[in-house]
Amino acid sequence: KAVAERDQIRNETFSKNLIGVYRLTYEDMPRILEIYYEPVFPHRILGWEERFRSAQSGVSEWKVTRAVRTHELLSDYWARNSVADSLLRGELGLK
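Criteria and cut-off values
- As a convention, each chain's residues are numbered from 1 in the sequence order in which they are written.
- At least 70 in pLDDT is required for a residue's local features to be given in this predicted model, at least 80 for side-chain atom pairs to be given and counted, and no such filter applies to totals for whole chains, interfaces and linings, which use all residues.
- With hydrogens and water stripped out, all remaining heavy atoms of the structure feed into the side-chain values.
- The salt bridge definition used is simple: a Lys or Arg side-chain nitrogen within 4 Å of an Asp or Glu carboxyl oxygen.
- Runs of E in the DSSP output that reach at least two residues are strands. Runs of H or I that reach at least four are helices, and both are numbered from the N terminus.
- Remark: exposure states derive from per-residue accessible area (1.4 Å probe, protein chains only) relative to the maximum for the residue type, with buried under 20%, exposed over 50%, and partly exposed in between.
- Each pair of aromatic rings taken from Phe, Tyr and Trp, with Trp reduced to its six-membered ring, is defined by centres within 6.5 Å and is described as stacked if the planes are under 30 degrees apart, edge-to-face if over 60, and tilted in the remaining cases.
- Only protein atoms enter the 1 Å grid used here. Points where a 1.4 Å probe fits but cannot escape make up a cavity, open sets with protein on both sides within 12 Å along at least five of seven lines make up a pocket, and a residue lines them when an atom lies within 4 Å of a point.
- Grid points are joined across faces, edges and corners, and a volume is the space filled by probe spheres set on the points.
- Each residue gets one label: Ala, Val, Leu, Ile, Met, Phe, Trp, Tyr, Cys and Pro are nonpolar, Asp, Glu, Lys and Arg are charged, and the others, such as Gly, are polar.

Explain the pattern of salt bridges residue by residue, including any values.
Tallying each qualifying case throughout the model produces 10 salt bridges. Across the pair E50 and R31 runs a salt bridge whose closest N-O atoms are separated by 2.4 Å. Of this pair, E50 sits in strand β4 (residues 45–56) while R31 is found in strand β3 (residues 31–37), placing the two residues 19 residues apart along the sequence. Looking at R31, the relative accessible area reads 23%, which means it is partly exposed.

Tell me what's going on with the packing of aromatic side chains, and back it up with residues and numbers.
The final tally for this structure, using the stated rule, is two aromatic pairs. Aromatic pair F14 and Y36: ring centres 4.3 Å apart, planes at 25°, arrangement stacked. Highlighted residues: F14 in the loop between β1 (2–10) and β2 (18–26) and Y36 in strand β3, separated in sequence by 22 residues. Y36 matches F14 in its accessibility class, with the two residues each being buried. Relative to W78, the ring of Y77 lies with its centre 5.1 Å away and its plane at 75°, an arrangement referred to as edge-to-face. Each member of the pair Y77 and W78 is classed as exposed.

Help me get a handle on the layout of surface pockets, residues and values and all.
Looking at the largest pocket, its volume works out to about 290 Å³. Lining the largest pocket are E72, L73, L74, S75, Y77, W78, R80, D85, L88, R89, L92 and L94. Grouping the amino acids of the lining of the largest pocket by side-chain chemistry returns seven nonpolar, one polar and four charged. The volume enclosed by the second largest pocket comes to roughly 190 Å³. Lining the second largest pocket, in full, are R44, I45, L46, G47, W48, A67, V68, R69 and E72. Among the elements of the structure, β4 and β5 (59–68) are those that each provide at least two residues to the lining of the second largest pocket. The leading source of residues in the lining of the second largest pocket is β4, at four residues. Here the lining of the second largest pocket is composed, by residue class, of five nonpolar, one polar and three charged.

Right, dumping it as structure tokens:
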């Protein structure tokens, strides 16, 4: 089970402006997922962070995974699933 919240925050990693955040806090595990987005339509996703507890060597500490949007490509992505379409990954800054 997860608890969902929406808020507006400042987070320089994703934008210099006020942005929206959609936060999922999981009750049965130490995990928090935050999705950052533009507060005005079309609410483009700017990135996300996932924090979780990891116990390595007997010490519990928070680990963070972060993704930040760096490129944008408007296309009919549902039709782009052939090997030839893999060139589009370069346009998105992916390897």
